[in-house]
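Summary of the model geometry
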Amino acid sequence: MNKRNYQRELDGIIEELGAQGQVPKLLLHSCCAPCSSYVLEYLSKFFRITVFFYNPNIYPPKEYTARAEEERRLIKEMPFVHPVDMVEGSYEPEEFYQEVKGLEMEPEGGARCEKCFELRLHQAAFVAKAGAYDYFTTTLTISPLKSAPKLNQIGERIGKEMGVEFLPSDFKKKDGYRRSVQLSKEYGLYRQDYCGCVYSRERLR
């Protein structure tokens with residue numbers, strides 16, 4: 001079985017849209033400003049983007065606030081080819097804790113993280129469907145610590161269930177992660193040292 005190249009698939013979609021002269025609406029789930037920096041620089045050339053900041057997993061609340069504020073600042077300061085705006089989802093950590101109940105001791109990148117991905121991507125698909133977006137996707141595939149195949153599989157499954165197209169990606173490709181580090185320095189972005197949840201934070205202690 002051939003391994004899918006999600007970046008190549010994305011390039012093919014972008015090429016086809018360009019040939020048709022289309023600029024679709026994209027709902028982009030974002031975990032933080034550093035991860036979204038390169039993704040916005042790249043995709044805003046081809047899509048009208050709404051950043052969807054929905055991360056009930058983030059702990060503590062002041063960390064959530066800091067990341068949300070940095071996302072707003074980046075969008076305000078960064079130049080884009082097509083318009084970019086932001087919608088903030090509800091911050092209700094109990095939704096995350098309920099979703100991962102019983103998986104608290106799972107290792108990073110395991111079953112608990114998958115449940116967290118599903119929670120956030122399901123809400124992104126719901127918002128994309130309600131807003132009549134052409135596509136939805138997530139910045140999470142830019143992280144070297146996260147599995148692009150796993151994220152794409154979850155996104156595609158949820159997209160089919162919800163009736164909205166999931167845009168495939170592997171944003172760490174084409175030096176995407178390295179570019180995100182450069183952009184973070186250029187804009188003086190706060191770069192956190194843990195994924196977001198209390199469990200990933202405790203791993204650092």
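Before reading on, note that the structure itself is shown above.
The following paragraphs examine the structure supplied in this document. Within every chain, residues take consecutive numbers counted from 1 along the sequence as written. For a predicted model such as this one, the threshold for reporting local features is a pLDDT of at least 70, and the threshold for listing and counting side-chain atom pairs is 80 or more; totals across whole chains, interfaces and linings nevertheless cover every residue. Side-chain measures were taken over the full set of non-hydrogen atoms in the model, leaving aside hydrogen atoms and water.

1. A word on helix α3 (residues 61–77)
As a reminder, the rule being used: Strands here are runs of E lasting at least two residues and helices are runs of H or I lasting at least four, both read from the DSSP assignment and numbered beginning at the N terminus. One less than the residue count of a helix, multiplied by 1.5 Å, gives the span that helix is expected to have. Residue exposure (1.4 Å probe, protein chains only): buried if accessible area is under 20% of the type maximum, exposed if over 50%, otherwise partly exposed. This arc corresponds to the set of directions leading from the helix axis out to the C-beta atoms.
For α3, built from 17 residues, the straight-helix expectation of 24 Å at 1.5 Å per residue is met to within 8% by its first-to-last C-alpha distance of 25 Å. Of the positions making up α3, those classed as buried are Glu63, Tyr64, Arg67, Ala68, Glu70, Glu71, Leu74 and Ile75. Along the axis of α3, the buried residues cluster in a sector spanning 160 degrees; they form a single face. Exposed positions of α3 whose direction lies more than 90 degrees from the buried face are Lys62 and Lys76.

2. A closer look at the pairing of strand β4 (residues 135–138)
Formally: In this analysis, strands are considered paired if DSSP registers two or more bridges between them.
Here β4 shows a buried face lined by Tyr135 and Thr137 and a second buried face lined by Phe136 and Thr138. As paired strands, strand β1 (residues 25–29) and β4 are joined by four bridges and run parallel to one another. The residue of β4 that forms the bridge with Leu26 is Tyr135. By the bridge criterion, two bridges tie β4 to strand β5 (residues 165–166) in an arrangement that is parallel. Along β5, the bridge assignment pairs Tyr135 with Glu165.

3. Details of the pattern of salt bridges
Applied cut-off: Every case where a carboxyl oxygen of Asp or Glu lies within 4 Å of a side-chain nitrogen of Lys or Arg is listed as a salt bridge.
Inspection of the entire model under this criterion finds 15 salt bridges. Put simply, Glu63 and Arg67 hold a salt bridge, and the shortest N to O gap is 2.7 Å. Of this pair, Glu63 and Arg67 both sit in helix α3, four residues apart, which is roughly one turn of that helix. There is no split in this pair, since Glu63 and Arg67 are both buried. Through salt bridges with shared partners, a single network forms among Arg4, Glu9 and Glu156.

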